[in-house]
Amino acid sequence: MFRIVHTRQLSDAVFEMGVEAPAIAAKARAGQFLILRVAEGGERIPLTFSDWSAEEGWIRFIFMRVGKTTHQLSHLQVGDALTDVVGPLGVPTHTEGLGRVAVVGGGVGAAVAYPVSRAMCDAGAEVTVILGARNADLLILEDEFRALPLKELIIATDDGSAGRKDLVTAPLKELCESGAIDASMAIGPAIMMKFCAATTKPYGVPCVVSLNPIMVDGTGMCGACRVTVGGQTRFGCVDGPDFDGHLVDFEELMSRQRVYTDDERLADAEYHRECSCGP
Amino acid sequence: MRAVDDTGSPVPPEKPRHKPARISRTAMPERGPEERARDFDEVTLGYTEEMARAEASRCLQCRNATCIDGCPVNIDIKSFIGGIIDGDYHEAVAILKERNALPAICGRVCPQEEQCEAACVLARKGEPVAIGRLERWLGDFDLACELEHRCVPEVGPDSGKRVAVIGSGPAGLACAGELRRFGHAVTVFESLHATGGVLTYGIPEFRLPKHIVQAEVGLLEEMGVEIRCDVVVGATYTIDELMTAEGYDAVFIGNGAGLPMFMGIPGENLNGVYSANEFLTRVNLMRAYEFPKADTPVWRGRKVAVVGGGNVAMDAARTAKRLGAEEVFLVYRRTEDEMPARKEEVHHAREEGIEFKMLCSPAEILGNDGFVTGLVANRMELGEPDASGRRSPVCVLGQDFTIDCDTLIMAIGTRANPLLAQTTPDLELSSRGYVLADEHGATSKRGVFAGGDIVTGSATVILAMGAGKVAARAIDRWLKPGAE
Ligand SMILES: Cc1cc2nc3c(=O)[nH]c(=O)nc-3n(C[C@H](O)[C@H](O)[C@H](O)COP(=O)(O)OP(=O)(O)OC[C@H]3O[C@@H](n4cnc5c(N)ncnc54)[C@H](O)[C@@H]3O)c2cc1C
Ligand SMILES: Cc1cc2nc3c(=O)[nH]c(=O)nc-3n(C[C@H](O)[C@H](O)[C@H](O)COP(=O)(O)OP(=O)(O)OC[C@H]3O[C@@H](n4cnc5c(N)ncnc54)[C@H](O)[C@@H]3O)c2cc1C
Ligand code: SF4
Ligand code: SF4
Ligand code: FES
């Protein structure tokens, strides 16, 4: 059992949770993820580390409430425990030796963008962060980003309720155009990553993306997480989750993410009927 | 004159000579195909005591018991059957467990017809003693006993040494049990949230009920084996860290060969195309057949094609049927004679209405809107025997055909998962990524031993178990003071 030591609600549907897991905390690196089960009979779901402390033996992650498992998670409090936490999984994000880099975090992707940006800053890179969200209420971790030694923090919302009224690709394009960046990384919904990759490509600016295919074991045993990169099948959990965005088949990724949509709706409905907590 | 032994005390008179019964092989009751293909309960029901005794009475108790050579771990089959004949079941279990820690499991899943039973003298007349079924009956008899009456191997005096076992499949479990008998402290590290390896996530409930696997693991815990799930060695700890910071004196690698292979044909990443590992893991480990009570879904196809001809393919096909598929096809490159699956599984699959499409090889997977709709296959014919002696299939040109399906399961084998080896640079591997180990399980790395599928490639439960035991003995020798 893994004891919950911290919870915080970041926005309407986004939560932060800290769990006691010393062995995992000692190893976690930016860009890696964990797999957890809330309780017996539960689904195994992957979530990225948002923070950790090897000294104090805890890890943190940030999740958006989208379905049954994330709903259950959102109801847990400090002192409760998770049945299973496994990690750290996946290849850490490459953060060394980067020059001028833009990190794009869309929606809950900001949770991953944060430790990645921090690690890049620590490694001496010149980091510009572009945070995107549908509106100001959905923007997360702004204060944390402001505390990092960034070159610049650009905020873009769909409705202009915070920062620029733009999609994240607009400031990204400007940075490419003005030759202000040598590399980029995009973390967020698949569709956003697809457009970030497309935006950077004409300028020859590399764009690493952190993919989120459906996973089961997270250790290379099942192949559920197959993604096509440069025409080759790769396993998202062990070969990734980071890949060259210019080579990823995003249509396939988005299609594969939707396989169980109907089933998930059913599970979620059943759950709400039983726990009568409302969506 | 009464017989006396060397010390002069009288020797008890010999047991009355056993007279083998000349009856035919005792059938094992099983549920009818109609009924069983709709649920996940066990297919075969096992012998009753009467049946077990009747079957045991067929054994000739041969002076030269050839059956023993047929068993990869050389169980003293003659003596355990003798125990049944005498009605001394506890003794019979003890004899079994001397060599095989998991009789209730091996009795169910061993390919007996190629091993012990093939070597039984009665096999020549076509009806060998049903050694596997007797083994299963004894294993179940033992499991049904209250714990204090069960045959628990004796734990040796504390040696002060600690061994880390990686993986809780048959290799790891057998190794852990044996190490406890030598008095070493043992921790089993398992990457999944449940123990058992393929026994839990691969082989379905209807062939091997999970409570049996859990009972065997429980017995190991009773012997003092510590089990830590949710630890991926190579990620959470490296082998070097286990041997330094974590303070283990030796390591056994039993992480299996769990990396699924795909064919590399067009359309393989369409929705509805599964590796057998994923399909079976969703259903067995995550219990998707109880969805939405269990949280993990699985795509329930109406027309399912399974590619392959081994036990894994049979398990996937029969599982798909139980999830409600109307039609299940088994697509195999060669003919039924070459299929590596156990005969009993092939027979059961056929009975349950699995349709065999032999001599065809998938060429392309068709899809619509991201979901699989069919499989284009090439017609094959058998050519010359290859290096393995099997006639290799060759493509018949211009005879492609399409099989309609909404789910496709690839059961074409697995390979070594590189995750562990990548973080252990001084561990020598074969060209195909398996761990190189000598006949005692010793690897190129000091204090590190290995066995099971990670050394041999996908094999059998009994071979993995045997390798785990052999390695435990080598580890014991290595840990002995003064030994190197
Ligand atoms: C490497 C990786 C890192 C991730 N990091 C984060 C993170 O930091 N924060 C965050 O909020 N989300 C993250 N996700 C997504 C997160 O795993 C899903 O939101 C979660 O599984 C939803 O579960 P659910 O039961 O609540 O919803 P469901 O109703 O089951 O599913 C909603 C959607 O989530 C996706 N999903 C469902 N099950 C899985 C699964 N087992 N694996 C992957 N995706 C699944 C599917 O696209 C599905 O349509 C990550 C995914 C991956 C693969
Ligand atoms: C579907 C199916 C049906 C089969 N049917 C039969 C049959 O009828 N009869 C028969 O004899 N054989 C059968 N086999 C083969 C048999 O199950 C295997 O040969 C046997 O289980 C191998 O045992 P093992 O201990 O080497 O590995 P496994 O059983 O694969 O166990 C390895 C364990 O190690 C864990 N692990 C992996 N990596 C790590 C890591 N880095 N850290 C920690 N833990 C790790 C895995 O999660 C797993 O639990 C079947 C196999 C399959 C897949
Ligand atoms: S372990 Fe397998 S091969 Fe050996 S006697 Fe038992 S059933 Fe036969
Ligand atoms: S070879 Fe057959 S008949 Fe002879 S002892 Fe073994 S099981 Fe009995
Ligand atoms: S999640 Fe199973 S192989 Fe990647």
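Keep in mind that what you see is a predicted model, and the values were worked out from it rather than measured.

Help me understand the pattern of salt bridges, please; the structure alone is not making it clear to me.
Counting across every chain of the model gives 50 salt bridges over all chains. The residue Asp239(A) makes a salt bridge to Arg234(A) at a minimum N-O spacing of 3.5 Å. Notably, a salt bridge pairs Lys445(B) with Asp426(B), separated by 2.9 Å at the nearest N-O pair. Taken as a pair, Lys445(B) in the loop between α16 (418-422) and β16 (448-450) and Asp426(B) in the loop between α16 and β16 lie far apart in primary sequence, 19 residues in all. Here Asp426(B) falls in the partly exposed class, since its relative accessible area comes to 41%. Sharing partners across several salt bridges, the network here consists of Glu30(B), Arg36(B), Arg207(B), Asp315(B), Arg318(B), Arg322(B), Arg342(B), Glu344(B), Glu345(B), Glu351(B) and Glu352(B).

For this particular structure, what's the right way to read the confidence of the model for chain B?
Reading fine detail from the predicted coordinates is not recommended where pLDDT is low. Here chain B averages 91 in pLDDT, while 96% of its residues score no lower than 70. Both scores are given for the predicted complex: the pTM is 0.92, the ipTM 0.92.

Explain the packing of helix α4 (residues 77-86) of chain B against helix α8 (residues 131-144) of chain B to me, please; I cannot follow it from the model alone.
A pair of packed helices can be characterised by two numbers: the angle between their axes and the separation between those axes. Residue and element names in this part refer to chain B. Running from N to C, α4 and α8 cross one another at 60°; their axes reach a closest spacing of 11 Å. The orientation of α4 with respect to α8, classified from their angle, is oblique. In the packing of α4 onto α8, the handedness of the crossing is left-handed. When α4 is examined against α8, the residues Ile77, Phe80, Ile81 and Ile84 are found in contact with a partner set consisting of Ile131, Leu134, Glu135, Trp137 and Leu138.

Sorry, what's going on with the interface of chain A and chain B here?
By a widespread convention, an interface's size corresponds to the accessible area lost as its parts come together. Listed as interface residues are 42 residues of chain A and, on the opposing side, 39 residues of chain B. Interface area, chain A with chain B, both sides summed: about 3300 Å², of which 54% is carbon and sulfur. Summed over the three residues of chain A that lose the most area to chain B, namely Met221(A), Arg226(A) and Tyr260(A), the buried surface amounts to 21% of that side. Across the pair Lys27(A) and Glu241(B) runs a salt bridge whose closest N-O atoms are separated by 2.8 Å. Considering every element that reaches the side of chain A that touches chain B, the biggest residue donor is strand β7 (residues 84-89) of chain A, with six residues. Split by residue class, the side of chain A that touches chain B holds 19 nonpolar, 11 polar and 12 charged.

Please clarify how helix α3 (residues 110-122) of chain A should be interpreted in this entry.
One turn of the α-helix equals 3.6 residues, which is why residues spaced by three or four share an orientation. Residues and elements named next belong to chain A. If you check α3, its first and last C-alpha atoms are 18 Å apart, about what 13 residues at 1.5 Å a residue would give, namely 18 Å. Within α3, 12 of the 13 residues are buried, which leaves the element mostly enclosed by the surrounding structure. For α3, the complete set of buried residues consists of Ala110, Ala111, Val112, Ala113, Tyr114, Pro115, Val116, Ser117, Arg118, Ala119, Met120 and Cys121. Contacts made by the buried residues of α3 are with β4 (45-53), β5 (58-64), β8 (100-106), β9 (126-133), α4 (142-146) and β12 (183-187). Looking one or two places after α3, you find Gly124, whose phi comes out positive at around 95°.

What's the story with the site of ligand 1 in this structure? I'm lost.
Residues and elements named next belong to chain A. Of all residues adjacent to ligand 1, which total 23 residues, the nearest are Pro46, Thr48, Ile62, Met64 and Thr70. One nitrogen or oxygen atom from the side chain of Thr48 is found 2.9 Å from a nitrogen atom belonging to ligand 1. Within the backbone of Gly67, a nitrogen or oxygen atom sits 3.1 Å from an oxygen atom of ligand 1. A total of 850 Å² of accessible area belongs to ligand 1 in isolation, and the protein chains cover 87% of it. Listing elements by their share of the shell around ligand 1, those giving two or more residues are β4, β5 and α2 (68-74). Residue contributions to the shell around ligand 1 peak at four residues, all from β4. Classifying every residue of the shell around ligand 1 by side-chain character gives 13 nonpolar, six polar and four charged.

Looking at this structure, how should I read helix α5 (residues 169-177) of chain A?
Residues and elements named next belong to chain A. Here α5 has its buried residues at Thr169, Pro171, Leu172, Leu175 and Cys176. For α5, the angular spread of the buried residues around the axis is 165°, confining them to a single face. The inward-facing, buried residues of α5 contact β8, β9, β10 (152-157), β11 (164-165), β12 and α6 (190-200). Following α5 by one or two positions, Gly179 has its phi on the positive side, about 70°.

Help me out: how do you make sense of a negative patch on the surface in this one?
Side chains of Asp12(A), Asp137(A), Asp158(A) and Asp159(A) sit close together on the surface and give a patch of like negative charge. Locating Asp12(A) in the fold gives a position in the loop between β1 (2-11) and β2 (14-20).

How should the sheet that holds β4(A) be read in this particular structure?
Hydrogen bonds between backbone atoms are what pair the strands of a sheet, whose relative direction is either parallel or antiparallel. Residue and element names in this part refer to chain A. Here we have seven strands laid out as an open sheet, ordered β6-β1-β2-β5-β4-β3-β7, and antiparallel in their pairing. Two strands in the sheet have a free side with no partner beyond their single neighbour: β6 (81-82) and β7. With six bridges connecting them, β1 and β2 associate as antiparallel partners. Within β2, the position partnered with Thr7 by the bridge is Met17.

Thresholds, definitions, all that
Residues numbered from 1 in each chain as written. Chains lettered and ligands numbered in written order. Predicted model: local features only at pLDDT ≥ 70, side-chain atom pairs only at ≥ 80, totals over all residues. Heavy atoms only, no water. Salt bridge = Lys/Arg side-chain N within 4 Å of Asp/Glu carboxyl O. Helix = DSSP H or I, 4+ residues; strand = E, 2+ residues; numbered from the N terminus. Buried < 20%, exposed > 50% of the residue type's maximum accessible area, 1.4 Å probe, protein only. pLDDT = per-residue confidence, 0-100. Axes fitted to C-alpha atoms, helices over the stretch in contact; angles between N-to-C directions. Parallel < 35°, antiparallel > 145°, perpendicular 65-115°, else oblique. Left-handed = near helix turned anticlockwise from the far one by under 90°. Contact = heavy atoms within 4.5 Å. Buried area = accessible area lost by both parts, 1.4 Å probe. Nonpolar A, V, L, I, M, F, W, Y, C, P; charged D, E, K, R; others polar. Expected span 1.5 Å × (residues − 1). Near = heavy atom within 4 Å. Polar contact = N/O pair within 3.5 Å; in protein donor to acceptor, adjacent residues only side chain to side chain. Areas by Shrake-Rupley, 256 points an atom, 1.4 Å probe, with all protein chains shown as cover. Arc of directions from axis to C-beta. Patch = residues over 30% accessible without salt bridge, like charges linked within 9 Å, V, L, I, M, F, W, Y side chains within 5 Å. Lys, Arg positive; Asp, Glu negative; His and termini not counted. Charge placed at Lys NZ, Arg CZ, Asp CG, Glu CD. Pairing = 2+ DSSP bridges.

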